Amino acid sequence: MILKNIRCSIPLKKECLYFKVLFMVLLSQGYTHAQTCCADGIYFYSQSQIDQFPISHPNCEIILGNMHIGDSFDATDIDDLTPLLGIKQINGDLLCGNIKIDDLSGFDSLTLIKGDFTIRNIDDLLNFKHLENLKWVEGEFRINANSDLENFMGLNSLESVSELTIRYNPLLKNLTGLDNLKTVTRNLDIDRNASLKTLEGLTSLNFVGSAILISENERLQNLTNLSSGEFKELEILSITNNKKLESLEGIDGFDLTFLQELILRNNPNLNLCHVESICNLLNDCRSASIVNNGEDCDGMPEIINACNQASFSATSIAVFPNPADNFLLIQPNCHFDQPLEFEIFDVGYKTILQDELIDNKVDISTLQPGLYFLQFTDWREGETIRFVKK
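In this text the structure is predicted, and so the values were computed from the model without any measurement.

A. Looking closely at the packing of aromatic side chains. According to the stated counting rule, one finds 8 aromatic pairs in the structure shown. Ring centres of Phe117 and Phe141 lie 4.8 Å apart, and the angle between their planes is 0°; this geometry places the pair in the stacked category. Note that Phe117 is positioned in strand 8 (residues 117-120) and Phe141 in strand 9 (residues 136-144), a separation of 24 residues in sequence. Here the aromatic cluster, defined as three or more aromatic residues joined through ring pairs, consists of Phe117, Phe128, Phe141 and Phe152.

As structure tokens, this is what we get:
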């Protein structure tokens, strides 16, 4: 015991007693210096290595480097993480892969991961119980290819991650357990989770700094659990190949002021796209790719028509005069940082002319009289303008 080595001389006995008491108070409140270890990282490929950890590194609370448990691709015999009890912080990456555990017992004290956190190919893992104290992942949080994972219960204290990637978890039904997650600094990527029906669990999320990417979730029906945030900093919103998605309700309150790219593609049952945020976006001059959705969201004209019927103003591209002799003027009159490329097709959809839009004008002086179709190749994909050359 440390206190046994503190000796008091008689003249200073009262003062020394005071410092003894103070030390005991500080000790009881956790003000002692945390033990650190493994500056070069530590890598476990067998259960015997895990069992040796508390012997080789007694009282270690902070891992200074990376911690890898198991292997990204090959199976290991690791089936018990309880020898890691007491670890409170990992300053590098934490990777757990191809290990035989059904919960994360052993990480009960973990509060902070400063690098990436990867859970991959853990077939028996059902949820994230025993991570109840984890609050922050400063790198990317990846949950990939865990065949029995059903939800995120156990992560109820998690508040912030840099990126959240959830892929190839075939039995994942919802995201419950992430109920306190408020901030994703960069990208939210939810991709190819075959049983995912809702985004339940993301009700507190109010900030995504770069992109929301939702793709190939075969049973996903709606996005209503995203309704808590405005997502003002969002740059990319991509919703693609979700077979059962029916509605964009849930993103109607998004502030898409800074959105640079909207992609709505190949969602065959998506028929409700005329929510306020999308209609407002289409009233500006921002890029959008909207193709191959349900009948009412199949392309730009259908959504714009639905927006206007719902009293949300949205502007389609128009040309005038129409019919025209030599030039088409494009409305709305937008300013673009880079020239836009366009294509003109004849009635057989053969490309007749490809060029760049200059000063919102299209030169059609070389065309033969007749009916044509105009499309922009990198702006408002899915919107086709019909015009007549005199």
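Further notes follow.
B. Quick peek at the state of the cysteines. Within the structure shown, the criterion is met by 3 disulfides. A sulfur-sulfur distance of 2.1 Å marks the disulfide that ties Cys37 to Cys60. With the S-S dihedral at roughly -85°, the linkage between Cys37 and Cys60 falls on the left-handed side. Of this pair, Cys37 sits in strand 1 (residues 36-37) while Cys60 is found in the loop between helix 2 (47-56) and strand 3 (62-63), placing the two residues 23 residues apart along the sequence. Classification of Cys60 by relative accessible area gives buried; the value is 6%. Each disulfide pairs two cysteine sulfurs, and for Cys279 the partner residue is Cys307, the sulfurs being separated by 1.9 Å. Because the sign of the S-S torsion sets the handedness, a value of about -85° for the bond joining Cys279 and Cys307 places this disulfide among the left-handed ones. Taken together, the residues span a long stretch of sequence, with Cys279 in helix 3 (residues 276-282) and Cys307 in helix 4 (residues 300-309) at a distance of 28 residues. Given a relative accessible area of 0%, Cys307 falls into the buried group.

C. Inspection of the pattern of salt bridges at higher detail. Tallied over the entire structure, the rule returns 8 salt bridges. Arg142 is paired through a salt bridge with Glu140; the nearest N and O atoms lie 3.2 Å apart. In this structure Glu140 comes out as buried when scored by relative accessible area, which is 14%. A salt bridge links Lys232 to Glu230; its shortest N-O distance comes to 3.5 Å. With relative accessibility at 41%, the residue Glu230 sits in the partly exposed group.

D. Representation of the nonpolar core in the model. Ranked by internal contacts, the top residues of the largest apolar core, which has 83 residues, are Met67, Ile69 and Phe107. Residues contacting Met67, with those up to four places away along its chain left out, are Ile42, Phe44, Leu84, Ile87, Ile90, Asp93, Leu94, Leu95 and Phe107. Phe342, Leu357, Ile364 and Leu367 belong to the second-largest nonpolar core, a separate cluster that totals 17 residues.

E. View of the pairing of strand 20 (residues 340-345). Most of strand 20 is tucked away: 5 of the 6 residues are buried. Two strands pair when backbone bridges link them, and strand 20 and strand 21 (residues 351-357) are joined in this way by 6 bridges, in the antiparallel orientation. Within strand 21, the position partnered with Leu340 by the bridge is Leu357. Between strand 20 and strand 21, which follow one another and run antiparallel, lie 5 residues, and Tyr349 among them has a positive phi close to 60°. Looking at chain direction, strand 20 and strand 23 (residues 370-376) are connected through 4 bridges and run antiparallel.

F. View of the pairing of strand 23. As defined by bridge partners, strand 23 adjoins strand 24 (residues 385-389) across 5 bridges and the pair is classed as antiparallel. Counted as the bridge partner of Leu374 is Ile385 from strand 24.

G. Layout of a positive patch on the surface. A surface patch of positive charge is lined by Lys173, Lys197, Arg219 and Lys244. Relative to the assigned elements, Lys173 resides in the loop between strand 10 (160-167) and strand 11 (183-184). Residue class for Lys173 comes out partly exposed when judged on its relative accessible area of 44%.

H. Region of the structure containing helix 2. Buried within helix 2 are the following residues: Gln47, Ile50 and Phe53. Down the axis of helix 2, the sector holding all buried residues measures 100°, keeping them to one side. Helix 2 presents Ser48 and Ile55 as exposed residues on the side facing more than 90 degrees away from its buried surface.

I. Representation of the sheet that holds strand 23 within the structure. On the basis of which strands lie adjacent, the open sheet formed by 4 strands has the order 21-20-23-24 and antiparallel pairing. Of all strands in the sheet, those with a lone pairing partner are strand 21 and strand 24, marking the two edges. For this sheet, the mean angle separating the axes of adjacent strands, direction not counted, is 30°.

J. The arrangement of the confidence of the model for the protein in detail. Chain-level pLDDT for the protein is 87 on average; 85% of the residues reach the 70-or-more range. Within the model, pLDDT remains below 50 along residues 16-32, and this stretch shows 12 contacts once partners closer than five positions in the same chain are excluded.

K. Main features of the environment of Tyr349. By the element assignment, Tyr349 lies in the loop between strand 20 and strand 21. If sequence neighbours within four positions are ignored, Tyr349 has contacts with Phe373 and Thr384.

L. Molecular detail of helix 4. Those residues of helix 4 that sit buried are Met300, Ile303, Ile304, Ala306 and Cys307. Down the axis, helix 4 shows its buried residues gathered within 165° of arc, on one side only. Here the buried face of helix 4 lies against helix 3 and strand 17 (288-291).

The rules behind the values
- Along every chain, residues carry numbers that run from 1 in the direction the sequence is written.
- Where local features are concerned, this predicted model is filtered to residues with pLDDT of at least 70; where side-chain atom pairs are given and counted, the filter is 80 or more; whole-chain, interface and lining totals use all residues.
- Calculated side-chain values reflect all of the structure's heavy atoms, with hydrogen atoms and water omitted.
- Whether two aromatic rings pair depends on their centres lying within 6.5 Å, for rings of Phe, Tyr and Trp, where Trp uses its six-membered ring; planes under 30 degrees apart make the pair stacked, over 60 edge-to-face, and the rest tilted.
- Under the DSSP-based scheme used, a helix requires at least four consecutive residues in state H or I and a strand at least two consecutive residues in state E, with every element numbered from the N terminus.
- What counts as a disulfide here is a pair of cysteine sulfur atoms lying within 2.5 Å.
- We call a residue buried when its accessible area falls under 20% of the maximum for its residue type, exposed when it is over 50%, and partly exposed in between, using a 1.4 Å probe and counting protein chains only.
- By definition here, a salt bridge exists when the distance from a side-chain nitrogen of Lys or Arg to a carboxyl oxygen of Asp or Glu is within 4 Å.
- As used here, the term nonpolar core means buried Ala, Val, Leu, Ile, Met, Phe, Trp, Tyr and Cys residues forming a set that is joined through side-chain atoms within 4.5 Å.
- Residue contacts are defined here by distance: any two heavy atoms, one from each residue, within 4.5 Å place the two residues in contact.
- One requirement defines pairing of two strands: DSSP has to find at least two bridges between them.
- For patch building, the residue pool is restricted to those with more than 30% relative accessible area and no salt bridge; the joining distance is 9 Å between like charges and 5 Å between nonpolar side chains (Val, Leu, Ile, Met, Phe, Trp, Tyr).
- Working definition of accessibility: Shrake-Rupley area with a 1.4 Å probe, residue cover restricted to the visible protein chains.
- In this tally Asp and Glu are treated as negative and Lys and Arg as positive; neither His nor the chain ends contributes.
- We put the charge of a Lys on NZ, of an Arg on CZ, of an Asp on CG and of a Glu on CD.
- In this description, the arc belongs to the directions extending from the helix axis to the C-beta atoms.
- A fitted line through C-alpha atoms represents every axis, and for helices the fit uses only the stretch in contact; the resulting angles, taken between N-to-C directions, go from 0 to 180 degrees.
- Every residue carries a pLDDT, the predictor's confidence in it, which falls somewhere between 0 and 100.

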